[in-house]
Amino acid sequence: MKTIPSIMIQGTSSDAGKSLLVTGLCRIFREDGHRVAPFKSQNMALNSYITQDGGEIGRAQGVQAEACGIEATVDMNPILLKPKAHMVSEVIVHGRHFADMEAFAYRNDFVPQVMPKIEESINRLAETYNLLVIEGAGSPAEINLKDRDIANMRMADLLDCPVFLAADIERGGVFASIIGTLELLEPHERARVQGFIINKFRGKKELLDSGLDWLEQRTGIPVLGVIPHFEHDIDPEDSLALDALKLKKRDLLTADLDIAVIKLPRISNFTDISPLQEEPSTSVRYISSLRGFGQPDLIVLPGSKNTVEDLIWLQEQGLADAIRTAHAKGSRIAGICGGFQMLGETLHDPERVESTFSTLDGLGLLATSTTFYADKRTIRNKGQLLGPFAGHEVEGYEIHLGRTERRHDAEPFLQFESGDHDGAVSADGTVFGTYLHGLFQNRAFTRHFLNSIRAEKGLPPCGDEVTGEAERREQSYQKLAAHLRQHLDIDLVYHILNTWSGVKQS
């Protein structure tokens, strides 16, 4: 296998902030003139990213590639696991569907065979880049999983790189989590840990200094930095971060618009909702029961990893009836991917791709019918909106198994550059659905759409001036890099990199 200088961020737990740290370091190394790329051998996530050639990888690696100023490739995340049902995940290898596997079979049968695929990806990355920033998964000290762990210390050994251990101080017990992790590592693994990063800190650092001194004396390993909690608009990796998302906490009585997002049990690509949270004078709330459902101005049904099971849940919770009732009283409805499929009249699963049901009634708010097939469509796409939304160009990506047909009076929602139509919109324009993830990232459309709801309520519009998505993301990466440079000892990071791999600070 080819060698490539590397640095690895591992965590004492899931959601310790590894993805964000890797994103910030990727931008710092890019600013310093390195040809840097992200890498995560195995990722489990329901937020995915579509590469230029239609491959599917973890969204975090797509974001990290953007921070590097490069196009994401499937080699940056060769193995992606997408939870689908209890103890069953879709296994995606090099961006393409491989199989649906039960956890035991994956761990015992598949993992031993997959290392050559990972090594192929590293070899290809080594041909183009001179530095990798590697992200671990969960914790490297899960003793029941270590013998089949291909995302943490095995990767550090394979690439012979130093490890920086990140710990989330918001969880409490940060020193215990660090010491406990070290104690459960093998001696050769512990020797790779060259620094600690205390993440998500709130308060005065002076109150932490005595603990940091004790930690360094106890372990002989330096604390590279204490990173204050950072408010950002960078996409989170997965549903573990969903509850921690910065939602708009405006009083519903003072916000112009009340937007309710259905929090499906198997919600996927929930980053579709982020732009709505950033719009002025809106209140965005996640709904998982009838409690406080109310009469939202807009109800959004997001994507789902298992549309049929989530539709059944919607019906069992009484939310299906509540959505129909709210629409009859004036709520607008938007569905994306799985949410779009639910809005139709029927869902057919003849090959039992999604469930054991052959046919299921949808919400009946769009005159469409969806049939599930085993082949998956993954593609970036762009086109022109039609009907009441005509005049707006939009772009995004598709990830879905189903094929949806319009019937009766349903009109297509948009037309792609290829000439194909997508989605559906009701005759009165109050309900629409689309397979295009990232729709609301098209900020001009989103502002226009929400202003149309304001107009119906007799409210003045918000201004038409919006910052484009690409500019917003670039600003976020710059701010994150500046934040890390301020609170992380970058000189020491480079010293460790130079000692291990000969990578020097420019």
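Up top is the structure.
Every value quoted in this text rests on a predicted model; they were computed, and no experiment measured them. (Residues numbered from 1 in each chain as written. Predicted model: local features only at pLDDT ≥ 70, side-chain atom pairs only at ≥ 80, totals over all residues. Heavy atoms only, no water.)

S.K.: Tell me what's going on with the environment of A85, and back it up with residues and numbers.
M.R.: Relative to the elements of secondary structure, A85 occurs in strand β6 (residues 79-85). Note on A85: relative accessible area 42%, which makes it partly exposed. On a C-alpha basis, the gap between A85 and R285 in space is 26 Å, while along the polypeptide they are 200 residues apart. (Helix = DSSP H or I, 4+ residues; strand = E, 2+ residues; numbered from the N terminus. Buried < 20%, exposed > 50% of the residue type's maximum accessible area, 1.4 Å probe, protein only.)

S.K.: Break down the pairing of strand β1 (residues 6-11) for me, citing the residues and quoting the values.
M.R.: Within a regular strand, side chains alternate between the sheet's two faces. The element β1 is largely enclosed, with a buried count of 6 among its 6 residues. As paired elements, β1 and strand β9 (residues 131-135) share 4 bridges and run parallel to each other. Across the sheet, residue I7 finds its bridge partner in β9, namely V133. Across 4 bridges, the pairing between β1 and strand β10 (residues 163-168) is parallel. Looking across to β10, one finds that I9 is bridged to F164. (Pairing = 2+ DSSP bridges.)

S.K.: Quick rundown of the pattern of salt bridges? Include the residues and the values.
M.R.: Applying the stated criterion to the full structure yields 38 salt bridges. In this structure, R27 and E474 form a salt bridge, with 2.9 Å as the shortest nitrogen-oxygen distance. Of the two residues, R27 is situated in helix α1 (residues 18-31) and E474 in helix α13 (residues 469-487); the sequence distance between them amounts to 447 residues. Classification of R27 as buried rests on a relative accessible area of 2%. Taken together, the shared-partner salt bridges in this structure form one network comprising E66, E278, R443, E469, R472 and R473. (Salt bridge = Lys/Arg side-chain N within 4 Å of Asp/Glu carboxyl O.)

S.K.: Account for the sheet that holds strand β8 (residues 96-102), with residues named and values stated.
M.R.: Taken together, 4 strands build an open sheet; the order of strands is β3-β6-β7-β8 and the sheet is mixed. Here the strands that pair on one side only, and so sit at the sheet edges, are β3 (42-44) and β8. Adjacent strand axes in the sheet meet at a mean angle of 25° when their direction is disregarded. Bridge count for strand β7 (residues 88-93) against β8 is 6 bridges, and the pairing is antiparallel. Bridge pairing links S89 to M101 in β8. (Axes fitted to C-alpha atoms, helices over the stretch in contact; angles between N-to-C directions.)

S.K.: Could you give an account of the packing of α1 against α13, with specific residues and numbers?
M.R.: Packed helices, taken two at a time, are described by their axes: the angle between them and the distance between them. Contact geometry of α1 with α13 gives a least axis separation of 8 Å together with a crossing angle of 90°. On the basis of their axis angle, the class for α1 and α13 is roughly perpendicular. Within the contact between the two elements, α1 uses L20, L21, T23, G24, L25, R27, I28, R30 and E31 and α13 uses E474, Y477, Q478, L480, A481, L484 and R485. Taken together, the residues of the contact of α1 with α13 sort by class into 8 nonpolar, 3 polar and 5 charged. (Parallel < 35°, antiparallel > 145°, perpendicular 65-115°, else oblique. Contact = heavy atoms within 4.5 Å. Nonpolar A, V, L, I, M, F, W, Y, C, P; charged D, E, K, R; others polar.)

Any functional reading would require information beyond the geometric quantities listed.
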